[in-house]
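# Coordinates in review
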There are 2 protein chains.
Amino acid sequence: MHISGFINFRTLAVIGLGLIGGSFARDIKRLGLAERVLGYEINPEYRKLIHKQNFVDYLGDKPDEELSKAELILLAVPVKTFEEIIPKILPYISKKVIITDVGSVKLPLIKLMNRPDYKNIRFIGGHPIAGSEYFGPSAAKDNLFAGKRLILTPFIESDPIVVERVRSMWVSIGAIVSEMEPKSHDELFASVSHLPHLLAYASIQAISNSESPDVLKHSGAGLKDFSRIASSSPTMWSDIFLENQNNLIPKISIFKEILNELEDSILKKDKEKLIKILENAKTERDRWMT
Amino acid sequence: MHISGFINFRTLAVIGLGLIGGSFARDIKRLGLAERVLGYEINPEYRKLIHKQNFVDYLGDKPDEELSKAELILLAVPVKTFEEIIPKILPYISKKVIITDVGSVKLPLIKLMNRPDYKNIRFIGGHPIAGSEYFGPSAAKDNLFAGKRLILTPFIESDPIVVERVRSMWVSIGAIVSEMEPKSHDELFASVSHLPHLLAYASIQAISNSESPDVLKHSGAGLKDFSRIASSSPTMWSDIFLENQNNLIPKISIFKEILNELEDSILKKDKEKLIKILENAKTERDRWMT
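All values derive from a computational prediction rather than experimental measurement. (Residues numbered from 1 in each chain as written. Chains lettered and ligands numbered in written order. Predicted model: local features only at pLDDT ≥ 70, side-chain atom pairs only at ≥ 80, totals over all residues.)

## Let's talk about the overall build of chain A
- Looking only at helices and strands, chain A features 10 helices and nine strands.
- Overall, chain A is about 65 × 45 × 35 Å in size when its C-alpha atoms are taken along their principal axes.
- Taking all 290 residues of chain A together, 50% fall into the buried category.
- Across chain A, contacts joining residues at least 24 apart in sequence account for 75% of those joining residues at least 6 apart. (Helix = DSSP H or I, 4+ residues; strand = E, 2+ residues; numbered from the N terminus. Buried ≥ 20, exposed ≤ 12 C-beta atoms within 10 Å, placed from the backbone. Contact = placed C-beta atoms within 7 Å.)

## So, the sheet that holds strand E8 (residues 149–152) of chain B
Residue and element names in this part refer to chain B.
- Across the sheet, three strands lie side by side as E7-E8-E9; this open sheet has mixed pairing. Across the chains shown, the open sheet's two edge strands, defined by having one partner strand only, are strand E7 (126–128) and strand E9 (176–179). Ignoring strand direction, the axes of neighbouring strands in this sheet form an average angle of 20°.
- Strand direction decides the pairing type here: E7 and E8, joined by three bridges, are antiparallel. Bridge pairing in E8 places glycine 126 opposite leucine 152.
- Set on the sheet, helix H5 (residues 160–172) makes contact with E7, E8 and E9; between it and E8 the angle comes to about 170°. (Pairing = 2+ DSSP bridges. Axes fitted to C-alpha atoms, helices over the stretch in contact; angles between N-to-C directions.)

## Points about the relation of the copies chain A and chain B
- When chain A is fitted to chain B, the residual RMSD is 0.0 Å, and the transformation amounts to a turn of 180° plus an axial shift of 0.0 Å. What the rotation and shift describe, once combined, is the action of a two-fold rotation axis. Taking C-alpha positions as the reference, the residue of chain A nearest the rotation axis is Phe226(A), at 1.9 Å.
- Taken together, the interface assignments show that 100% of the residues at the interface of chain A recur at the interface of chain B, consistent with an identical surface on both copies. (Least-squares fit on C-alpha atoms with pLDDT ≥ 70 in both.)

## Some remarks on unusual backbone geometry
- Phi is positive for Asn143(A), close to 60°, though the residue is something other than glycine.
- Accessibility expressed as a C-beta count within 10 Å gives 14 for Asn143(A), which makes it partly exposed.

## Structural notes on the packing of helix H8 (residues 234–243) of chain A against helix H10 (residues 271–289) of chain B
- The interhelical angle for the contact between H8(A) and H10(B), taken along N-to-C directions, is 135°, at an axis separation of 9 Å. Judged by the inter-axis angle, H8(A) sits oblique to H10(B). Note that H8(A) runs across H10(B); the crossing there is right-handed. Between H8(A) and H10(B), the contacting residues are Pro234(A), Thr235(A), Trp237(A), Ser238(A), Phe241(A) and Leu242(A) on the first element and Lys271(B), Leu274(B), Ile275(B), Leu278(B), Glu279(B) and Lys282(B) on the second.
- A per-class count over the contact of H8(A) with H10(B) returns seven nonpolar, two polar and three charged. (Parallel < 35°, antiparallel > 145°, perpendicular 65-115°, else oblique. Left-handed = near helix turned anticlockwise from the far one by under 90°. Nonpolar A, V, L, I, M, F, W, Y, C, P; charged D, E, K, R; others polar.)

## Here we look at the nonpolar core
- If you look at the biggest cluster of nonpolar residues, it comprises 179 residues, and the most contacted ones within it are Ile15(A), Ile73(A), Ile15(B) and Ile73(B).
- What Ile73(A) contacts, discounting residues up to four positions off in sequence, is Ala13(A), Ile15(A), Ile89(A), Ile93(A), Val97(A) and Ile99(A). (Core = buried A, V, L, I, M, F, W, Y, C linked by C-beta atoms within 7 Å.)

Structure below.
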């Protein structure tokens, strides 16, 4: 199968076959965008599932000789593990390989790839906005990226041919691709994604510290939706919080200031001020969602 | 129409015809649970909509002589306005009337109804867990309460006949009714509802303070669900926060402690501690949701 504008890969490799890597591999294979899809997954339980579901043509537990055939490698592992994984794949990769990723924090990996010994690797960072509280290969599914945003974060030395190749690959599986500076990306996502995740985890912990579990059945749809992201992967999110701490910590401070302002207006029974903050938040939220 | 176990009302009145009051009136009328439904709504824009949608048999802008015919009055107005509304309905109500409400905070109204001059009114508090970020009569709909929880908060002097009458009314429109002590109710809902609403408003305000609106289109489903309740009615929620401040303020403190702990473990790069908190929160949330 050949999709207009897209040049098929002969061999493509996915390292990490969870929700994102697994769904990506499924789409590539199903749509025939590569003749052969290699998968690498360290977790033996995950490997069992992947074998059953048959969404790669070759499955290894760690980088090996097969990897040298890959024209593109997608890293779909927790962001903190990049530093360990790059040296493990280096002995096997071809000089022409394109490496891309799907991490929620971009600058640390780009800095890593700018090290003198990695500088010749053709790398471009990517971030699909397609996460979920469900994770692992059992959550992987067809068309996960269809209609979802994908942000590429080229930097000054990125090869435009590489950027274009990766862009057209994502477009071929339905993603809406845009570009952003890596630094702006990490700052923005600290606000719109990492802070909300941290607050969702914190609020569930606060509620469970102060209420007995059996009364929680009384909670409604509000808490259910608000806290959905607190069911996300603790390993993945602890990595994201740690990798993006320079951006996240200032956002926590801004949040705390607002929370203190709200608390203060409640304590002082300052209804006017309270309504003003709530109205402003509602207006902003309604505007984003339209 | 006569639903088994339920004795129809001849006349029933709803004061405040927003999402909850409007949906309630629609169900009562549609299912014929009262021969006549009276509605009172102070907002002229709302009245226009209600006239069009025809979900009451009589519509007034303020309590009047008609109200004396009501066997049951449902108060569906913001909780802070109870104190103003009770004296306005008093001159018109029959001695036998049952008054109930749908407010998210129970103790202040129960204290109010225990005042010597109100003590003879047959009152029972209620709280349907059926809110939404949409409000006003345009959001009112059939079957809003079907399968939703409704909490009755009888107190020591509540007449069991009154409790039973109100219970069977809610059951007749599909609600799952349970009982709770008013004090426990207010403490629990400070955690599972009022705190999450406050945090959702605060986080949207924090994000909008630190990012330009045009970049927010990049946010994903996580933020959308997390912040849905920040689109709720500012008037209604400022009232709830103020009315339940005695319970809410301590919950804010517990939340802040957890947030500080998380922040601290990020600053100290204490991955183990961070994962432990996230895992605990995930476990709790997953358990509630099953």
